[in-house]
Amino acid sequence: MRGYFTADGRRLSYLDFGGPGEPLVALHGHYNEASAFAPLARALAPRWRVIALDQRGHGESDPAPRYGREDYTADLLAFHRHLGAGPVPVLGHSLGGVNAYQFAARHPDRVARLIVEDIGAVVDCDWSFTTRLPVTAPTRRALAEALGAAAPYLECSFRQRERDWGFSFRTEDTVASQKALNGDHWADWTAVACPTLLVRGTRSDELTAGHARDMTARRGGRVRLVELAAGHVVHHDAAEPFAAEVAAFLAEPA
């Protein structure tokens, strides 16, 4: 079920995958949207009810004038209030991972557990891939062919327009968001108090093994690190092992 709410005068969209389970909030990365979590939602049901946000400028959510750190966390606070839930587990990939741990650090009463997928406490994002993306293509197939090996990771964001195909995000917004994501976020990472699962893809070009170990060490035993045979998008490349690790972590005693 798709739902909507308003934050700071803009409409934000989310997908509630439904079911009788407890809510789990999921936050996608750049180039993606809430629908990217459909396979994970199926794997975690019926124990968990995944509710995934289309973050600002992505999916069916409105674009925004700003894509700063405080902007994303403010959206998450509005989303949590809209859901009317108590403390919930929050899962985030890449951009969504930083948003998730910053939200957990700043609003500890709203996050029960944290799952961070393949992103560090220090981010140095390269947006050259973004600026090379095709703006439009005449058909869906042509858009996929233009993306090559990257197509499976972006196809949830493909959109048909009146005369061509493109994406549900705007290139300039993504570049602005990536620039604002860069920086040293150690203070937020180490401020997180809830149990945390950090998932790294062993073939990732984003989160190194050494940085992941450092992130684990600096949290003094409150982080469990899992490394799976995958690239940066672990939930795509290793869908079943990823879902199994998430389910096991969520089942652990508090």
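Residues numbered from 1 in each chain as written. Predicted model: local features only at pLDDT ≥ 70, side-chain atom pairs only at ≥ 80, totals over all residues. Heavy atoms only, no water.

A. Representation of the packing of aromatic side chains in the model. Scanning all chains against the criterion turns up nine aromatic pairs. Each member of the aromatic cluster is reached from another via a ring pair, and the members are Y31, F129, F158, F167 and F169. (Phe/Tyr/Trp six-rings, centres within 6.5 Å; stacked < 30°, edge-to-face > 60°.)

B. Focus on empty space enclosed by the protein. A full pass over the atoms with the stated rule returns one cavity of 30 Å³ or more. The space that makes up the largest cavity amounts to roughly 60 Å³. What lines the largest cavity is simply V25, L27, L76, F79, H80, L83, V88, V90 and F103. Residue assignment for the lining of the largest cavity shows that the elements contributing at least two residues are β3 (22-27), α2 (69-83) and β5 (88-93). It is α2 that provides the largest number of residues to the lining of the largest cavity, a total of four residues. (1 Å grid on protein atoms, 1.4 Å probe; cavity = no way out; pocket = protein on both sides within 12 Å on 5 of 7 lines; lining within 4 Å. Points joined across faces, edges and corners; volume = space filled by probe spheres on them. Helix = DSSP H or I, 4+ residues; strand = E, 2+ residues; numbered from the N terminus.)

C. Region of the structure containing the nonpolar core. Counting residues in hydrophobic clusters, the biggest one holds 41 residues, and the most contacted among them are F5, L53, Y101, L114 and W189. Considering every element that reaches this core, the biggest residue donor is helix α3 (residues 95-106), with seven residues. If sequence neighbours within four positions are ignored, W189 has contacts with Y101, V116, A121, T196, M215, R219 and V223. A52, L197, V226 and V246 belong to the second-largest nonpolar core, a separate cluster that totals 25 residues. (Core = buried A, V, L, I, M, F, W, Y, C linked by side-chain atoms within 4.5 Å. Buried < 20%, exposed > 50% of the residue type's maximum accessible area, 1.4 Å probe, protein only. Contact = heavy atoms within 4.5 Å.)

D. Here's a closer look at the layout of surface pockets. Each pocket or cavity is described by its volume, and for the largest pocket that value is around 730 Å³. Those elements that place two or more of their residues in the lining of the largest pocket are α4 (128-131), α6 (151-154) and α7 (171-181). Its residues assigned to classes, the lining of the largest pocket shows 11 nonpolar, 10 polar and six charged. The calculated volume of the second largest pocket comes to roughly 180 Å³. Listed by contribution, the elements that provide at least two residues to the lining of the second largest pocket are α6 and α10 (234-237). (Nonpolar A, V, L, I, M, F, W, Y, C, P; charged D, E, K, R; others polar.)

E. Inspection of the pattern of salt bridges at higher detail. Under the criterion given, the structure shown has 18 salt bridges. Residues E22 and R47 are paired through a salt bridge, measuring 3.0 Å at the closest nitrogen-oxygen approach. Residue E22 is found in strand β3, and its partner R47 is found in the loop between α1 (38-44) and β4 (48-54); the two are separated by 25 residues along the sequence. Accessibility expressed as a relative area gives 44% for R47, which makes it partly exposed. Among the ionic contacts, a cluster of salt bridges with common partners joins D8, R66 and D71. (Salt bridge = Lys/Arg side-chain N within 4 Å of Asp/Glu carboxyl O.)

F. Just the pairing of β3, in detail. Bridge analysis of β3 against β4 gives six bridges, and the strand direction is parallel. Bridge assignment links E22 to a residue of β4, and that residue is W48. Where β3 lies against β5, three bridges are found, and the strand directions are parallel. Across the sheet, the residue bridging to A26 is L91, located in β5. (Pairing = 2+ DSSP bridges.)

G. A look at the packing of α2 against α3. Look at α2 against α3: their axes get within 9 Å of each other, and the N-to-C directions meet at 70 degrees. It follows that α2 is roughly perpendicular to α3 by the angle criterion. Between α2 and α3 lies a crossing of right-handed hand. Touching R69, E70, Y72, T73, L76, L77 and H80 of α2 are L95, V98, N99, Q102, F103 and R106, all from α3. (Axes fitted to C-alpha atoms, helices over the stretch in contact; angles between N-to-C directions. Parallel < 35°, antiparallel > 145°, perpendicular 65-115°, else oblique. Left-handed = near helix turned anticlockwise from the far one by under 90°.)

It is worth stressing that arrangement in space is one thing and function is another; only the former is reported here.
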